[in-house]
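Chain residues, written in single-letter form:
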Amino acid sequence: MGAVPELISPRSPRVSAARRLGKRNFRGKERLFLAEGPQAVREAAGHRGDAGATLVELFTTVEAAERYADIVGAARDGGARVHLADEAVIADISTTVTPQGLVGVCRFLDKPFAEILAARPKLVAVLAHVRDPGNAGTVLRCADAAGADAVVFTDASVDLYNPKAVRASVGSHFHLPVAVGVPVEEAVTGLREAGVRVLAADGAGDRDLDDELDHGTMGTPTAWVFGNEAWGLPEETRALADEVVRVPIHGRAESLNLATAAAVCLYASARAQRTGNPR
């Protein structure tokens, strides 16, 4: 029989440090966050930021290390410290009810807002008052899927690194630039000065998304501003935008949820930009 692999102790300082990253104040202090599950850890292992490899530490059960040997190998090759752990340790670190055996500790990913503007983005999602981390992560995933150039989390929105937001993005945290903590007015002003048309998505908007598409006004660089799940965008935020646009409801549904509306808006812009509609 082979030797029994040595497992990290539940009392290890490394375990304690990783567990604390479930809380926002510790994440901010250490500038580290947790990525859980094979998809997120795979993306983290292949990502490099300004400070080097993004994945700095990986906790894995023996079973997960065997099942996802390619991910664990990529983590080691990238310089991450890999710790074998029993399921109780993984459950202690994890923020999910049913952990998948892999928990990574990652460096923060956010970029300065000025750097995003300097790249002359053509499609941006701005989360202006989004408080639910699952919705925030899903909108980030939608932006990634639509080919957006960047996402902006304003100072009125949830933490980008909330574990639920990271899970909901399914690895998209590692795919596109994200700025955090930007005041809404600064975000809108900066984007407009960079030549980006700013559209506020709101069910009570004066403009209709179908009309915008029919009139060929969607092909220019565009930022979509998305609001709170329950009450949408406040009047002062709507007033900052170039236009307030609603997604038309053709059936009997009362409304669309935030992530669905964001997907519709972002894909509409992406399609218009690809087909080269003039202003």
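Everything numeric here is computed off the predicted structure, so don't read it as measured data.

Reading the values: the criteria
- All residue numbers here refer to positions counted from 1 along the written sequence of the relevant chain.
- Two thresholds apply to this predicted model, a pLDDT of at least 70 for residue-level local features and 80 or more for giving and counting side-chain atom pairs, whereas whole-chain, interface and lining totals are computed over all residues.
- Where side-chain values are given, they derive from all heavy atoms of the structure, hydrogens and water being excluded.
- Whether two strands pair depends on DSSP finding at least two bridges between them.
- In this text, helices come from DSSP runs of H or I with a minimum length of four residues, and strands from runs of E with a minimum of two, each type numbered from the N-terminal end.
- Lines fitted to the C-alpha atoms define the axes, with helices restricted to the stretch that makes contact. Angles between their N-to-C directions range from 0 to 180 degrees.
- Note on contacts: a residue pair qualifies if any of its non-hydrogen atoms lie within 4.5 Å across the two residues.
- Any two rings among Phe, Tyr and Trp, with Trp reduced to its six-membered ring, count as a pair given centres within 6.5 Å; such a pair is stacked if its planes are under 30 degrees apart, edge-to-face if over 60, and tilted if neither.
- Should a side-chain nitrogen of Lys or Arg be within 4 Å of a carboxyl oxygen of Asp or Glu, the pair is scored as a salt bridge.
- Buried residues are those whose accessible area, probed at 1.4 Å on protein chains only, stays under 20% of the maximum for their type, while exposed residues exceed 50% and partly exposed ones sit between those limits.
- To count toward a patch, a residue needs a relative accessible area above 30% and no salt bridge. Like charges then connect within 9 Å, nonpolar side chains (Val, Leu, Ile, Met, Phe, Trp, Tyr) within 5 Å.
- Each accessible area value is a Shrake-Rupley result obtained with a 1.4 Å probe; residue values ignore everything except the protein chains displayed when judging cover.
- Under this definition, polar contacts are N or O atom pairs within 3.5 Å; protein pairs additionally need one hydrogen-donor-capable and one acceptor-capable atom, and for neighbouring residues in sequence, both atoms have to be side-chain atoms.

Draft legend 1. Expanded view of the sheet that holds strand E6 (residues 102-107). Pairing is mixed across the open sheet formed by four strands, whose spatial order is E1-E6-E4-E5. Looking at the sheet topology across the chains shown, the edges are occupied by strand E1 (32-36) and strand E5 (81-84). The mean inter-strand angle of the sheet, taken between neighbouring strand axes irrespective of direction, is 20°. Alignment of strand E4 (residues 55-60) against E6, held across five bridges, turns out to be antiparallel. In the strand pairing of E6, Leu58 is matched with Gly104.

Draft legend 2. Representation of the environment of Thr154. Relative to the assigned elements, Thr154 resides in strand E8 (residues 150-154). Measuring from C-alpha to C-alpha, the distance between Thr154 and Val182 comes to 4.4 Å, with 28 residues separating the pair along the chain. Filtering out sequence-adjacent residues up to four positions away, Thr154 remains in contact with Val126, Leu127, Ala128, His129, Gly181, Val182 and Val184.

Draft legend 3. The packing of aromatic side chains, seen in detail. In this structure the tally under the stated criterion is five aromatic pairs. Cluster of aromatic residues (ring-pair linked, three or more members): Phe33, Phe108, Tyr161 and Phe174.

Draft legend 4. Just the pattern of salt bridges, in detail. This structure, assessed with the given rule, holds 17 salt bridges. For Asp159, the salt bridge identified is with Arg24, shortest N-O distance 4.0 Å. Of this pair, Asp159 sits in the loop between E8 and helix H9 (163-169) while Arg24 sits in helix H2 (residues 24-30), placing them 135 residues apart in sequence. Classification of Asp159 as buried rests on a relative accessible area of 10%. Notably, a salt bridge pairs Arg192 with Asp242, separated by 3.1 Å at the nearest N-O pair. Taken as a pair, Arg192 in helix H10 (residues 184-193) and Asp242 in the loop between helix H12 (235-238) and strand E13 (243-246) lie far apart in primary sequence, 50 residues in all. The exposure class of Asp242 is partly exposed, given its relative accessible area of 33%. Each of the salt bridges in this network shares a partner with another, and the network as a whole consists of Arg197, Arg207, Glu212 and Glu243.

Draft legend 5. Structural context of a nonpolar patch on the surface. Among the surface-exposed residues, Ile249, Leu256 and Val264 lie close enough to one another that they form a single nonpolar patch of about 200 Å² accessible area. For Leu256, the position within the fold is in the loop between E13 and helix H13 (258-275). For Leu256, a relative accessible area of 34% puts it in the partly exposed group.

Draft legend 6. Inspection of the side chain of Arg27 at higher detail. Here Arg27 lies in helix H2. For Arg27, a relative accessible area of 3% puts it in the buried group. From its side chain, Arg27 meets the backbone oxygen of Leu21 in a polar contact 3.1 Å long. What Arg27 contacts, discounting residues up to four positions off in sequence, is Leu21, Gly22, Leu32, Phe33, Phe108, Asp159, Tyr161, Asn162 and Pro163.

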